Amino acid sequence: MKEMGGREKPYPTVDVGGPQTVVAALWRCCGGGARLRGSWGALGMCLDEGERAEASSFSRASTRAFLPKSNGNKLYPQFYAHSCPRAQEIVKFIVAKAVVKEARMAASLLRLHFHDCFVKGCDASLLLDNSRSIITEKQSDPNRNSARGFEVLDEIKSVLEKECPHTVSCADILALAARDSTVLTGGPGWEVPLGRRDSRDASISGSNNIPAPNNTFQTILTKFNLKGLDIVDLVALSGSHTIGNARCTSFRQRLYNQSGNGQPDYSLEQVYATQLRTRCPRSGGDQNLFFLDFVSPTKFDNNYFKNILASKGLLSSDQVLLTKNKTSAELVKKYAENKELFFQQFAKSMIKMGNISPLIGSRGEIRKNCRRINTN
Ligand code: HEM
């Protein structure tokens, strides 16, 4: 990132606002009487007593910000500093409200950023609904009956359109919501480079090509490499599976017929596999939900890696990180031992993923509604 004079300026270390900050903001809004200014305060987005109790459970998450090494592209964290100074605060508030209401929403929002960035870059193509010119990515195999959280993004966008019309892109909202979701569940914070613009098209074929849980290790790594991400990014970003759920249909094959010979996947711990079979039968129950990290399913920590070491990674794509490649196996072990190391790398890799082919300058547009391209 360059200062006005062209000198390299490091990112300042800022508190991106951990749970305490968010919860304090929510409490000020509701209890302290000092309602937040502007249009969104007027929308009355406050918590009831039950929600407050839940909010206080977000107590121990990290509030540190990890800094990107350099900024070789045109995205930068202060992009909205003048045009929409409260943009980040607004996103954080609405994400926090949604996560207090339903803890899983953090995972769902984090995943949306991944599914957006892996298809034509981080351009919010994922958010477009079907229309005359658009075949929605929401109906692709990885997303159908699975991708969720779109209503939260709608709410953020509608408040931002009132606060600063036609300014904050849906692609940037996705990137910010992914960061805030991570922090809210106890994970690391980072400054999100901003300035992405929104696409005017979608790609169902690109969306169908997102890494699948039954892809081989090599296929998954190749798909990451094609996006400019390496094996370190792959292992660190897979650590997102420390929160959230997967459906029976996403891992059934491992329980009954992993390689077409009627045998289960023996790299899955067999007592755990037996437990999984009770709610994930040979047929039926496709949509039944299971925690990706059964030890601490709503907390962003390094138990995902510890589970893999215990042969209890839920998806085949999780377990192969240990069983199919020496380098990734070493990384799994390191992250299982050292949560801080995982957090640092996760923040770096999220910034890298967020930099995949952004639309900048005059390319794309700032959608008024994340579900539709603008009518010009
Ligand atoms: C490495 C390749 C990856 C594969 C094969 C994969 C696959 C999957 C699958 C199959 C699910 C469950 C979907 C369902 O059954 O409905 C899932 C959930 C999830 N994935 Fe991944 N994923 C990968 C990488 C990532 C990355 C890079 C991120 C984020 C940076 C991510 C974040 C998540 C989250 C948070 C969930 C839980 C979502 C929820 O509960 O709504 N995944 N993933």
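Here the residue index of a chain counts from 1 through its sequence in written order. For this predicted model, a pLDDT threshold of at least 70 governs which residues receive local features, and a threshold of 80 or more governs which side-chain atom pairs are given and counted, while totals over whole chains, interfaces and linings are taken from all residues.

The name given to the protein in an unreviewed UniProt entry is Peroxidase, with Tetracentron sinense as the source organism. UniProt positions are given in the numbering used here, feature names are shortened, and annotations may be inferred rather than shown by experiment. UniProt, in its Catalytic activity (unreviewed entry) section for the protein, records the words "2 a phenolic donor + H2O2 = 2 a phenolic radical donor + 2 H2O". The Function (unreviewed entry) field of the UniProt record for the protein holds the comment "Removal of H(2)O(2), oxidation of toxic reductants, biosynthesis and degradation of lignin, suberization, auxin catabolism, response to environmental stresses such as wounding, pathogen attack and oxidative stress."

Caption draft 1: Focus on the overall build of the protein. A helix here means a DSSP run of H or I that spans at least four residues, while a strand means a run of E at least two residues long, and both kinds are numbered starting from the N terminus. Scanning the protein from terminus to terminus reveals 16 helices and four strands. A residue is called partly exposed when the number of other C-beta atoms within 10 Å of its own lies between 12 and 20, exposed at 12 or fewer, and buried at 20 or more, with C-beta atoms placed from the backbone. When each of the 376 residues of the protein is scored for burial, the buried share is 45%. By definition, residues are in contact whenever their C-beta atoms, placed on the basis of the backbone, come within 7 Å of each other. Look at the contacts in the protein between residues 6 or more apart in sequence, and 80% of them connect residues 24 or more apart.

Caption draft 2: Representation of the UniProt feature "site: Transition state stabilizer" (unreviewed entry) in the protein. Residues given the UniProt feature "site: Transition state stabilizer" (unreviewed entry) here are R111. Relative to the elements of secondary structure, R111 occurs in helix α5 (residues 105-117).

Caption draft 3: Structural detail: the environment of D293. The residue D293 is located in the loop between β4 (289-291) and α13 (303-309) in this model. Along the sequence, D293 and G244 sit 49 residues apart, while their C-alpha atoms lie 7.6 Å from each other. Not counting residues within four places of it along the chain, the set of residues in contact with D293 comprises H241, T242, I243, N303, Y304 and N307.

Caption draft 4: Highlighting the UniProt feature "active site" (unreviewed entry) in the protein. Mapped onto this numbering, the UniProt entry annotates "active site" (unreviewed entry) at H115. Along the polypeptide, H115 turns up in helix α5. Here H115 falls in the buried class, since 20 other C-beta atoms lie within 10 Å of it.

Caption draft 5: Representation of the site of the ligand within the structure. Only the C-beta atom matters for this test: placed from the backbone, it must lie within 6 Å of a molecule or strand for the residue to be near it. Taken together, the neighbourhood of the ligand is formed by 26 residues, with S108, S146, G244, A246 and S250 sitting nearest. Elements represented by at least two residues in the shell around the ligand include exactly α5, α10 (231-238) and β3 (245-247). Of the residues that constitute the shell around the ligand, the class distribution is 13 nonpolar, nine polar and four charged. Here the shell around the ligand spans two domains, and each of domain 1 (19-55 + 68-208) and domain 2 (217-353) adds at least three residues to it. Gly counts as polar in this scheme, as do all residues outside two lists: the nonpolar Ala, Val, Leu, Ile, Met, Phe, Trp, Tyr, Cys and Pro, and the charged Asp, Glu, Lys and Arg. The domain boundaries here were taken from an automatic or database domain assignment.

Caption draft 6: Geometry of the nonpolar core. We define a nonpolar core as a collection of buried residues of the types Ala, Val, Leu, Ile, Met, Phe, Trp, Tyr and Cys that are connected via C-beta atoms lying within 7 Å of each other. Ranked by size, the top nonpolar core spans 75 residues in total, and within it V95, I156, L174 and A177 carry the most contacts. Residue contributions to this core reach at least three from each of two domains, namely domain 1 (19-55 + 68-208) and domain 2 (217-353). If near-sequence neighbours (up to four positions away) are discounted, V95 is found in contact with L109, V152, A177, D180, S181 and L184.

Caption draft 7: Fine view of helix α4 (residues 87-101). Each residue after the first adds 1.5 Å to the expected span of a helix. If you check α4, its first and last C-alpha atoms are 21 Å apart, about what 15 residues at 1.5 Å a residue would give, namely 21 Å. In terms of residue burial, α4 counts as a mostly covered element, since 13 of its 15 residues are buried.

Caption draft 8: Summary view of unusual backbone geometry. In this structure, H166 takes a positive phi of about 55° despite not being glycine. Looking at where H166 falls in the secondary structure, it is placed in the loop between α6 (150-163) and α7 (170-184). At S311, a residue that is not glycine, the phi angle is positive and equals roughly 60°.

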